[in-house]
Every structure is written in C-alpha cells, then in structure tokens.
Amino acid sequence: MNRRLFLKSGTMAMLSLGFAPSFLGRAAAAAGARRKLLVAIFQRGAVDGLNMIVPHGDADYYRLRPTIAIPRPGRDPMGSAIDLDGFFGLHPAMAPLEPLWDNRSLAIVHACGSPDNTRSHFDAQDYMESATPGVKATRDGWLNRYLQVSSGERDPLRGVTLARTMPRSLGGSAPALAIGSVDEFGVRGAADAFEEQYEGSPDRLLSAAGNDAFAAMRTLQQVAGSPYRPAAGVQYPNGAFGRALAEIARLAKADVGLEVAFTELGNWDHHVNEGAVTGQIANRLDELSRGLAALAADLGDRLADTIIVTMSEFGRAAAENGNGGTDHGHGNAMMVIGGNVRGGMHGAWPGLGDAHRFEGRDLAITTDFRDVFSEIVTAHMGVPRAALSRIFPGYRGMTAPGVIRG
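What counts as what
- Residues numbered from 1 in each chain as written.
- Predicted model: local features only at pLDDT ≥ 70, side-chain atom pairs only at ≥ 80, totals over all residues.
- Heavy atoms only, no water.
- Salt bridge = Lys/Arg side-chain N within 4 Å of Asp/Glu carboxyl O.
- Helix = DSSP H or I, 4+ residues; strand = E, 2+ residues; numbered from the N terminus.
- Buried < 20%, exposed > 50% of the residue type's maximum accessible area, 1.4 Å probe, protein only.
- Pairing = 2+ DSSP bridges.
- Expected span 1.5 Å × (residues − 1).
- Phe/Tyr/Trp six-rings, centres within 6.5 Å; stacked < 30°, edge-to-face > 60°.
- Core = buried A, V, L, I, M, F, W, Y, C linked by side-chain atoms within 4.5 Å.
- Contact = heavy atoms within 4.5 Å.
- Axes fitted to C-alpha atoms, helices over the stretch in contact; angles between N-to-C directions.
- Parallel < 35°, antiparallel > 145°, perpendicular 65-115°, else oblique.
- Left-handed = near helix turned anticlockwise from the far one by under 90°.
- Nonpolar A, V, L, I, M, F, W, Y, C, P; charged D, E, K, R; others polar.
- pLDDT = per-residue confidence, 0-100.

Draft legend 1. Up close: the pattern of salt bridges. Applying the stated criterion across every chain, the model contains 23 salt bridges. A salt bridge links Asp60 to Arg63; the shortest N-O distance between them is 2.9 Å. Residue Asp60 and its partner Arg63 are located together in helix α4 (residues 59-64), separated by 3 residues, close to a single helical turn. A relative accessible area of 22% places Asp60 in the partly exposed class. Judged by relative accessible area, which is 46%, Arg63 ranks as partly exposed. Where Arg119 meets Asp362, a salt bridge forms, and the shortest distance between an N and an O atom there is 2.3 Å. With Arg119 in the loop between β5 (106-113) and α6 (121-130) and Asp362 in the loop between β11 (344-346) and β12 (367-368), the pair connects residues that are 243 residues apart, well separated along the chain. Asp362 gets classed as buried once you look at its relative accessible area, which sits at 0%. Linked through salt bridges whose partners overlap, the residues forming this network are Arg35, Glu153, Arg158 and Glu259.

Printed below as a string of structure tokens:
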C-alpha cells in the first residue's frame, strides 16, 4: 500500500468520521515526491569500537590486547580482520558489510564520540540522544528537534521508533510514534495514545493535530493490511532487531511520510569474556551486520535517499582487563551507510601509544559525534546551516567529517 493508494481509499473513510485532516492535503501534494530518510541505530551498552573496526596497523593495539585482539588480515585460519585500507579492518563477523564498503556505500568515522568524559551509561546515552554533552537539563532529543526545525508538519509518521517506549532522541514537542510493529498498532492503541496526548485540549477532536493523529492511525492500518515481504533474497536476522529493521523498510517503501526512524541493539557491555573472532562481541556484531546489510538491500533504490547511522554512548578501554573483557572507555567508531555516502575511513587516528591515549587509558576523540549528526542533517536532510543551533544548542561546530557527498 503506497501513499497514492491510501489517499484514494482512505480519504472517504476519514471524512466519514467527520474529519478533513490537513495530513491528507499535505500527502496529496507530496505523493509524487520521495523524502529523505534518516535511520538511527543505537548500540546500547558501549560497543568495543576497537574490535568492531580493527586498527590492525597499530602495533599498540596488539600490545594492549594480548588475548582479545582481532588477528591481522590473513594471519589466522580461524578468522582475522577483513582489511579495508591497509590499516583498518572489519571484525570477521561483519563480513555482510564488506560489499557496502566495496561499493563505497559505507563510511566509518573512528576516534569519534562525546567531548564529555563520563563513563556512566545513563549519562552518556542521555548526552548523545539529547546531543548536549554535559547538559542534563535538555528536555528534548536531537531527532525531535530536527522534526521541529525542518518542517511545520504535525504528521506523527515523520518520526517513528520501532520500540515500545519513546527513546530520548525522539522525545519532544514534535509528534512521533513508538510502535512495537505496524501490525500491533491498532485502532484502540492509537486512540488511547491520541487521548493521552491531547487530554485537556478544548476542541481536541476537531484540532488539526487531532486529525493528523487519526490520519496516521488509518495510514498504519492500511500498511498493515497485508503481510510484509522483503525484497527477493533479503533475510533479516531473527529477533527483535531484525524485525525492527524490516518494519523500517516496510514503512519507507509504503511512502507514509517517514523521515526519521530509530531502533536499537543492546548488550554491548562486555566486561567479562568479550571474546575475539568468536564469543559475545562476535555474536553481537554478526546480528548487527546482517541486519544492516539486509536493510540496505531491502530498501533497494530507496537507499539513494537514505542514511543509516550507528552510534554508541562511548567506547571501551584500549587495554583488555583481567577478565578477558574491556572496561568503559571514551573514543569509539560510528558507521554511516547510504547511497549518498562518501565511502571510506574518516576522522583523524590519534594512535594507541601511551602518550596518545585519553587519560592514559582510552582511545582519544578527534571527531565530535555532533560533527557527524550535523553533517547528516544539513548535507543529507537539507536543513540550512543557520538552523543548526536550534538542533544542536551549544554546539560551535561544524567540522564536517565528509561522510556525505555534496
């Protein structure tokens, strides 16, 4: 079910309820246009970026990790890093992403993260989702502020998270939806959410925002009218993460007006028995990479208008601990995937030598995560640079890492 078909079949249903929603008028005007899409994926728990994007050309990496380092490319028949540029490599469990690297649809920013030095999961996640490092009083998230700044539309389907609770990054005054799946978003659930959101409005049933909420509900009903079938040959990983990515592709291809989608994959906090080419991190990276590769393939030609960005609250200590794991660190790696991406490695590598590590123990940060976010919202989503201060208050960038072609 695409937007044009919904407009044809759904308008009379809305009018029969006494509504003439502004959502439908906007949809009619935009039915032939394809919006830019941003898919944000949070790796909660602080992924070990050094074993995800392996600096196999840095001898100190192997000195600091005698048992959990990923072997240099081709050095171990049991598995070794997949070489990218002679210095960096992918963890071998991330082989599904190698074709995206080869066709220049994958950009990686290493030594990236927050200028705040907290090692608290809660605080660091809050700072990354609010995009105001060190400031706890920020009320809304950066993705919601993008929705506020980029358009006056109050279509809740512009921002959707595939989860049962709204993430910090999408919370704010712009309407957004948190749904477990399209199929579960029934009339009763949508009506309850509507009543809660507009409780106290003197004329809420006839308000433009109210009309839009019901229009969004009806749109999702139409999308859920038949089972979703990914593109030929695409297979998402089993589990909640794979299902969430499939739902994002479903909404993107249904042309419901989606601009921002959010989901997450947790359990990256590997203090004990992290593993190397096999083990806990390998299993997690396998699920992540198979999911990302499936989403990119499922989007097909829509990938040209899509950016997928991964993030995690902070990295891990450069040296392994006594339990075969890694403790909370600082710098990390982000991945950016899309048809308009300038593939390759980005950001300055500070090195892992004793004199170069942050506080003597962690990968130092050379790229502020807001540099990546701000480049995405300007160069890809089309927000004017003059509006950046409203999306990223207190940010004095931007030093664009160059991940988006423009």
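Draft legend 2. Broad picture of helix α7 (residues 142-150). A large share of α7 lies buried, amounting to 7 of its 9 residues. Taken as a whole, α7 has its buried residues at Trp142, Leu143, Asn144, Arg145, Tyr146, Leu147 and Val149.

Draft legend 3. How the structure looks around the pairing of β5. Most of β5 is tucked away: 8 of the 8 residues are buried. Pairing geometry for β5 and strand β10 (residues 332-338), over 5 bridges, is antiparallel. Looking at β10, one finds that Cys112 is bridged to Asn332. Here β5 pairs with β11 via 3 bridges, running parallel. Across the sheet, the residue bridging to Ala107 is Gly344, located in β11. Strand direction decides the pairing type here: β5 and β12, joined by 2 bridges, are parallel. Paired with Cys112 across the bridge in β12 is Thr367.

Draft legend 4. Inspection of the sheet that holds strand β3 (residues 82-83) at higher detail. Taken in spatial order, the 3 strands line up as β2-β4-β3 in an open sheet, and their pairing is antiparallel. The open sheet has two free edges, formed respectively by β2 (53-54) and β3, since each of these has just one partner strand. Two strands pair when backbone bridges link them, and β2 and strand β4 (residues 89-90) are joined in this way by 2 bridges, in the antiparallel orientation. Paired with Ile53 across the strands is Leu90, a residue of β4.

Draft legend 5. Geometry of helix α10 (residues 240-253). Over its 14 residues, α10 runs 20 Å from end to end, which matches the ideal 20 Å to within 8%, given 1.5 Å per residue. With 11 of 14 residues buried, α10 lies mostly within the body of the structure. Along α10, the residues classified as buried are Phe241, Gly242, Ala244, Leu245, Ala246, Glu247, Ile248, Ala249, Arg250, Leu251 and Ala252. Positive phi appears at Asp255, one or two residues downstream of α10, with a value of about 55 degrees.

Draft legend 6. Structural view of the packing of aromatic side chains. Under the definition given, this model contains 8 aromatic pairs. Centre to centre, the rings of Phe87 and Phe88 are 4.9 Å apart; their planes meet at 70 degrees, and the pair counts as edge-to-face. With relative accessibility at 26%, the residue Phe87 sits in the partly exposed group. Accessibility expressed as a relative area gives 7% for Phe88, which makes it buried. An angle of 10 degrees between the planes, with centres 4.0 Å apart, marks the rings of Trp142 and Phe373 as stacked.

Draft legend 7. Quick peek at the nonpolar core. By size, the foremost hydrophobic cluster in this structure holds 56 residues, and its most contacted members are Ile53, Leu97 and Met335. Mapped by element, the contributors of at least two residues to this core are β1 (37-43), α5 (98-102), β5, α9 (208-223), α10, β8 (260-265), α11 (280-299) and β10. Counting residues per element, this core draws most heavily on α11, at 10 residues. Among residues more than four places away in sequence, those in contact with Leu97 are Leu90, Leu106, Ser289, Leu292, Ala293, Met335 and Ile337. Val341, Val383, Tyr395 and Val403 belong to the second-largest nonpolar core, a separate cluster that totals 39 residues.

Draft legend 8. Structural context of the packing of α10 against α11. Here α10 crosses α11 at 15 degrees, and the two axes come no closer than 10 Å. The angle between α10 and α11 falls in the class roughly parallel. Considering how the two elements wind past one another, α10 and α11 form a crossing that is right-handed. Every residue of α11 that contacts α10 at Phe241, Leu245, Ala249, Ala252 and Lys253 is listed here: Glu287, Leu288, Gly291, Leu292, Leu295, Asp298 and Leu299. Looking at side-chain class alone, the contact of α10 with α11 contains 8 nonpolar, 1 polar and 3 charged residues.

Draft legend 9. Layout of the environment of Leu352. Inspection of the secondary structure assignment puts Leu352 in the loop between β11 and β12. Residue class for Leu352 comes out buried when judged on its relative accessible area of 1%. It is 9.9 Å that separates the C-alpha atoms of Leu352 and Tyr62, two residues lying 290 residues apart in sequence. With sequence-adjacent residues up to four places away left out, Leu352 is seen in contact with Leu50, Pro55, Asp58, Asp60, Tyr61, Arg63, Leu64, Ala318, Arg357 and Leu363.

Draft legend 10. Local environment of the confidence of the model for the protein chain. Looking at the protein chain, the pLDDT average stands at 87 and 84% of residues meet or exceed 70. Residue range residues 1-32 is modelled with pLDDT below 50. Its contacts to residues more than four positions away, or to other chains, number 58 contacts.

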